Amino acid sequence: MTPDLILFLVLAALAVATAVAMLASQSAVYSALFLVLNLVTVAVLYLLLNAAFIAMVQVTVYAGAIMVLFLFVIMLLGGQQAGSGPDLPWQRPVSLVLGAALIGLMAYVLLAGSRGTLLTAAPLLEGFGSPQSVGRVLFSEYLIPFEAVSTLLLAAMVGAIVLTRDERKEGR
Amino acid sequence: MHFSEAAVNGWFALVPWIIAFPVAGLLVNLALGRRLGERFTGFVASAAVALAFVVAVLQGLALLQHPEGARVVVADWIAIGGLSVPWAIKVDTLSVTMMLMVTGVSALIHVYATGYMHDDVRFQGDPGRYTRFFIFFNLFVAAMMILISGDSFLTLFVGWEGVGLCSYLLIGFWYEKGKDGIGNAVAGKKAFVANRIGDFGFLIAMFLTFWAFDSLTFDTVFEHAEAAGPQAGLVLTLITLFLLLGAAGKSAQLPLFVWLPDAMAGPTPVSALIHAATMVTAGVYMITRTHVLFHLAPASSSVVAIVGAATAFFAATIAVGQYDIKKVLAYSTISQLGFMVAAVGMGAYVAGMFHLVTHAFFKALLFLGSGSVILGIEHGHHHATQGHGDAHGGHFDPQDMRNMGGMASRMKVTFVVYLIGALALAGIPPLAGFFSKDEILLAAQGQNLLVYLLLTAAAFLTAFYMGRQVFLVFFGRPRSQAAAHAKENPPVVVLPLVALAGLSLLGGALNLPGVHTLGTWLGHTLGEEHAPEFSLLVAGVSTVLALAAIALAWRIYARRPLGENQPDPIEAPLGRLFRALNNKWWVDEFYDWLILRRYVRLANVLAHQVDTIFWHNWFHDSVLAAGFRRGTRWLAESFDLPVIDGASAALARLVERLGSGLRRMQSGYVRNYAVYVLAGVVLMLSFFLIRSLS
Amino acid sequence: MNIPTNYVVALSAVLFSLGVIGVLIRRNAIIAFMSVELMLNAANLAFIAYARALQQLSGHIFVFFIIAVAAAEVAVGLALIVTIFKTKHSIDVDLVSSLKG
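Residues numbered from 1 in each chain as written. Chains lettered and ligands numbered in written order. Predicted model: local features only at pLDDT ≥ 70, side-chain atom pairs only at ≥ 80, totals over all residues.

Peer 1: Can you explain the overall build of chain B? Please cite residues and give values.
Peer 2: A tally of regular secondary structure across chain B gives 27 helices and two strands. The buried share of chain B, taken over its 694 residues, is 50%. Contacts in chain B between residues far apart in sequence, at least 24 positions, make up 81% of those at least 6 positions apart. (Helix = DSSP H or I, 4+ residues; strand = E, 2+ residues; numbered from the N terminus. Buried ≥ 20, exposed ≤ 12 C-beta atoms within 10 Å, placed from the backbone. Contact = placed C-beta atoms within 7 Å.)

Peer 1: Hey, could you go over the overall build of chain C for me, with residue numbers and the actual values?
Peer 2: Looking only at helices and strands, chain C has three helices and zero strands in total. Of the regular secondary structure in chain C, the N- to C-terminal order runs α-α-α. Counting over 101 residues, chain C shows a buried share of 63%. A separation threshold of at least 6 residues defines the contact pool for chain C, and within that pool the share at least 24 residues apart is 47%.

Peer 1: Hey, could you go over the nonpolar core for me, with residue numbers and the actual values?
Peer 2: Residues A342, A364 and L455 of chain B are the most contacted members of the largest nonpolar core, which totals 219 residues. Ranked by residue count, the leading element in this core is helix 15 (residues 349–385) of chain B, at 20 residues. Other than its neighbours up to four places away in sequence, A342 of chain B contacts A305, G308, A309, A312, I440, A444, V451 and L455 of chain B. Counting residues in each nonpolar core, the second largest holds 84 residues, with I25, L38, A49 and A68 of chain C among its members. (Core = buried A, V, L, I, M, F, W, Y, C linked by C-beta atoms within 7 Å.)

Peer 1: Give a detailed account of helix 6 (residues 183–213) of chain B, specifying residues and quantitative values.
Peer 2: In a regular helix each residue adds 1.5 Å, so 31 residues correspond to 45 Å; helix 6 of chain B covers 44 Å between its end C-alpha atoms and thus fits that length. At the C-terminal side of helix 6 of chain B, D214 of chain B shows a positive phi close to 60°. (Expected span 1.5 Å × (residues − 1).)

Peer 1: Outline the interface of chain C and chain A, listing residues and values.
Peer 2: The partner chain A presents 77 residues to the 60 residues of chain C that form the contact. For the side of chain C that touches chain A, the elements supplying multiple residues, two or more each, are helix 1 (5–25), helix 2 (29–54) and helix 3 (58–88) of chain C. When residues of the side of chain C that touches chain A are assigned to their parent elements, the largest contribution, 21 residues, is made by helix 3 of chain C. Partitioning the side of chain C that touches chain A into residue classes produces 45 nonpolar, ten polar and five charged. (Nonpolar A, V, L, I, M, F, W, Y, C, P; charged D, E, K, R; others polar.)

Peer 1: Run through unusual backbone geometry, naming residues and quoting values.
Peer 2: Residues and elements named next belong to chain B. Cis geometry marks the peptide bond from L254 to P255, where omega comes out at -10°. With respect to the helices and strands, the residue P255 is situated in the loop between helix 8 (233–250) and helix 9 (259–262). The backbone of D214 shows a phi angle near 60°, a positive value even though the residue is not glycine. Here D214 shows up in the loop between helix 6 and helix 7 (218–228). By the C-beta count within 10 Å, which is 12 here, D214 ends up exposed. The phi angle at K584 is positive, at roughly 45°, despite the residue not being glycine. If you trace the backbone, K584 turns up in the loop between helix 25 (576–582) and helix 26 (587–663). Its 21 C-beta neighbours within 10 Å are what place K584 among the buried residues.

Peer 1: Outline the confidence of the model for chain C, supporting the account with residue identities and numerical values.
Peer 2: Any segment with low pLDDT has predicted coordinates that should not be analysed in fine detail. Residues and elements named next belong to chain C. Scored by pLDDT, chain C has a mean of 88; 98% of the residues are at 70 or more. Taken element by element, chain C is modelled with least confidence in helix 1, mean pLDDT 90, and with most confidence in helix 2, mean pLDDT 92. Interface scoring of the predicted complex returns ipTM 0.91; its pTM is 0.65. (pLDDT = per-residue confidence, 0-100.)

Peer 1: Go over the pairing of strand 2 (residues 83–91) of chain B with me, naming the residues and quoting the values.
Peer 2: Residue and element names in this part refer to chain B. Both strand 1 (residues 70–80) and strand 2 contribute to a ladder of eight bridges, which runs antiparallel. For I80, the partnering residue across the bridge sits in strand 2 and is L83. Hairpin connection from strand 1 to strand 2: two residues lie between these consecutive antiparallel strands, with G81 at a positive phi of about 55°. (Pairing = 2+ DSSP bridges.)

Peer 1: Could you give an account of helix 26 of chain B, naming the residues involved and the relevant values?
Peer 2: For an α-helix the count is 3.6 residues per turn, leaving residues at separations of three or four pointing the same way. In the structure, helix 26 of chain B departs most strongly from a straight axis at D640 of chain B, where the bend amounts to approximately 45° and where the proline P642 of chain B lies between one and four residues downstream. Across the 77 residues of helix 26 of chain B, zero count as buried, placing the element largely on the outside. (Bend = angle between axes of the 7 residues up to and from the residue.)

Peer 1: Tell me about the environment of F354 of chain B, and name the residues and values.
Peer 2: Residue and element names in this part refer to chain B. Of note, F354 is situated in helix 15. F354 sits in the buried class, given 30 other C-beta atoms within 10 Å. Put simply, F354 and N511 are 157 residues apart on the chain and 7.2 Å apart in space, counted from C-alpha to C-alpha. When sequence neighbours within four positions are dropped, the list of residues in contact with F354 reads S436, E439, L510, N511 and L518.

Peer 1: Can you break down the packing of helix 3 (residues 52–77) of chain A against helix 3 of chain C residue by residue, with the values?
Peer 2: Across the interface, helix 3 of chain A lies against helix 3 of chain C with an axial gap of 11 Å and an inter-helix angle of 5°. Looking at the two axes, helix 3 of chain A sits roughly parallel to helix 3 of chain C. Between helix 3 of chain A and helix 3 of chain C, the contacting residues are F53, I54, V57, Q58, V61, Y62, A65, I66, L69, V73 and L77 of chain A on the first element and H60, V63, F64, I67, A70, A71, V74, A75, L78, I81, V82 and F85 of chain C on the second. Grouping the amino acids of the contact of helix 3 of chain A with helix 3 of chain C by side-chain chemistry returns 21 nonpolar, two polar and no charged. (Axes fitted to C-alpha atoms, helices over the stretch in contact; angles between N-to-C directions. Parallel < 35°, antiparallel > 145°, perpendicular 65-115°, else oblique.)

Peer 1: So, the environment of Y591 of chain B: which residues are in play, and what are the values?
Peer 2: In this fold, Y591 of chain B is placed in helix 26. Separated by 336 residues in sequence, Y591 of chain B and P255 of chain B place their C-alpha atoms 9.8 Å apart.

Peer 1: How would you summarise the packing of helix 1 (residues 5–13) of chain B against helix 2 (residues 17–65) of chain B if you had to cite specific residues and measurements?
Peer 2: Pairs of packed helices are described in terms of their axes, by the angle between the two and the distance that separates them. Residue and element names in this part refer to chain B. Contact geometry for helix 1 and helix 2: axes closest at 9 Å, N-to-C directions at 135°. Viewed along their axes, helix 1 and helix 2 adopt a mutual orientation that is oblique. The handedness of the crossing between helix 1 and helix 2 is left-handed. Here V8, W11 and F12 of helix 1 come into contact with helix 2, specifically with L58, Q59, L61, A62 and Q65. Each residue belonging to the contact of helix 1 with helix 2 can be placed in one class, and the counts come to six nonpolar, two polar and no charged. (Left-handed = near helix turned anticlockwise from the far one by under 90°.)

Peer 1: I'd like a description of the environment of A310 of chain B, backed by residues and values.
Peer 2: Residues and elements named next belong to chain B. Locating A310 in the fold gives a position in helix 13 (residues 298–320). Expressed as a C-alpha distance, the spacing of A310 and L450, which sit 140 residues apart in the sequence, is 9.6 Å. What A310 contacts, discounting residues up to four positions off in sequence, is L254 and L454.

Following this line, the structure appears as structure tokens:
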């Protein structure tokens, strides 16, 4: 039980707990906040995995922007919950069972076989995961996907605006 | 006379034309007769038979050169296994004798019929039927020729059946007339049925012949029979007895003679030709032809002789009590046929054939003469009642002798020729009948006393009833208006009578005692026959008896001529005997009681009980039809409906249930669909996992 | 960090499954959407883990893109939810069931 392992287990437990809490929470706001916590936990994990740039991006964009957006909409629309409802009585049990099966399968695959290579098996390159290195790769090899994603973001923006435009304000 | 070999062979080769000419005649009439009129039809028919007569004459001339005869094969017919029967014509003295007689007499009767039928179809009211008569008449001559020219039992039988058919067709010529509107047809049927019984006998004889002697050709059979020896005695007796049965049917002997009197329902030329001269002699001819077999079976020969003699006597008694002019002649025919059959039964084949030929002459003459008389009466009747039907309101029978009388002065030629015929039949020398009958009596006297006595008694009665007939018809005063107005017939009717009268007068010359022309002639075919010497005693006895009979008849009927509506003078003294004779000893009634009624009852039972009630109503309706219906209903209800319909309905229901079951998957809820996706993923993962594990 | 890669990926799997369960269970459309984000997040974790193990930066790039796409998707998705809310006046996912067969 190395300290790395203990640290990892703590972070893992935290991630899972916040995820479960998000699912189980009755209030939508609480769920969103728990998700934020989950994202931050995962970002810490990224840091530990030498993905510094991505960790920052995660916190900034994911936890910071996307979740804020979620909170906006939750505030707008209200956060009432309900159970599975009378229409789908089997939904919750079946989902839980299937989910458990899924976890069981994947866990078995991952943990029963070989443990896989240790994360530190290979000596780490200097600056692995730093913005410079990521940026270098991003703008050279993955330039075209980068531009495509830009277009995608544009499209998303336009879409969002069109979708939420009020028909009465037509002509403006 | 001597002819060249080539000519003789050529004439023999012509013999198929003796059948072909009448066939051609009937075909021409069939095609054109109705369109081209009565004179054409009559001429063609008579010419066909006359040409056949010419062919027969040529055969006779050829035989003078070659008395052993010839065999002319016309075509192949049957060749199956051991049985080979070609269409072959046997030209020998016996068959040529028959050919000459049949074609000659037929030709004369055809000519007579052209005139007679002209009146008869008008009297009966259907002038269009004239052509049909001559078609049948020619057909008959053709069939008769096949019969007498056949060289095997089978070809003879073809002709045998053919003449039977023509007899039926011609007896029932006026099929819609007669008693109750079907009397003539019934008479035809009776003739056919009685003949059939005889044919049955003939067929059995043929089967036995083939079985015993492996052949049906005459010459071959006779060879085998003679070579067979004493162990064939039983089968030969059987064969000959069955042949006798056949002859009894065709030649009207006891017990199958009952059809001949009824056959008088046909027109007079039919009676003359078929039932006097030709068809009825076929039985006698057949026995003569198969004389070899009868020689080898003396028991049967005796039976034949007895049957013949008994028939001769029996029929003669009936003839005495008849009033119908043609019925008298019919029973007379049966009686004379009895004479012939008795003759051949005693082995006196020449005598039998001689009598056959002479009988043809004078019996045809008598029938035609009676026809002439009847025609005259009918004309007189028509004249007397001026076409307004019978003056007395009752049914006038032109054939009843009680309506006649005094015809001698009114129909002179008919009277003369009729008298000649009657005297010939009675056996008065020197007419033909005397010589032929005398030969038979001679043979009988030498062989069989019983037969001799029966035949002599029959001869006495023959003379008596002929005298009775002549005196009743021609002498005295007319007993009816019709008779008073009767007049002679045109030459076409009268001339053939004259010809036949001549033949009756001179026919004796055929076989005069001592000269025996016919005997020698037939001897080439029948073998040497030792004819008994002429006996003055026998001849004298028969002549005296005949004259006595005529004198008796004269005393009863001519001295005090019968007046109108006066009963027969012998009715009173004979009393019940006369009634028996008049009712022909009730033979028909006896047959009806013995056989017919039971048969009809059996037929009714079969038809009604068995056929209708059992077969049709019960078996067909209840068993077959109901069973079928039940079967199909079972199939439909228990099988088709539940199983097949059920299967398809179940299939449809299954699909429906499956569909509605599967439809519940489409809940519309996204979360549900997501569950399905997850389930699929889990399944796939587990599948891969299990695969990689194993 | 010296831990086996599989542990991290196992965590990623667990988070992913939790996200799936969340999508299936929650009737609130927004919470379901958040569960989808959780799933994406789990995938990101797996990418990063393998990038570290294989010394490849393409993992990082991929995560970068995923985050970008997630952002776009959230924008549009939430706009949609708002639009649906305008008609149905509720964000109950079960109300969107017109495709019921």
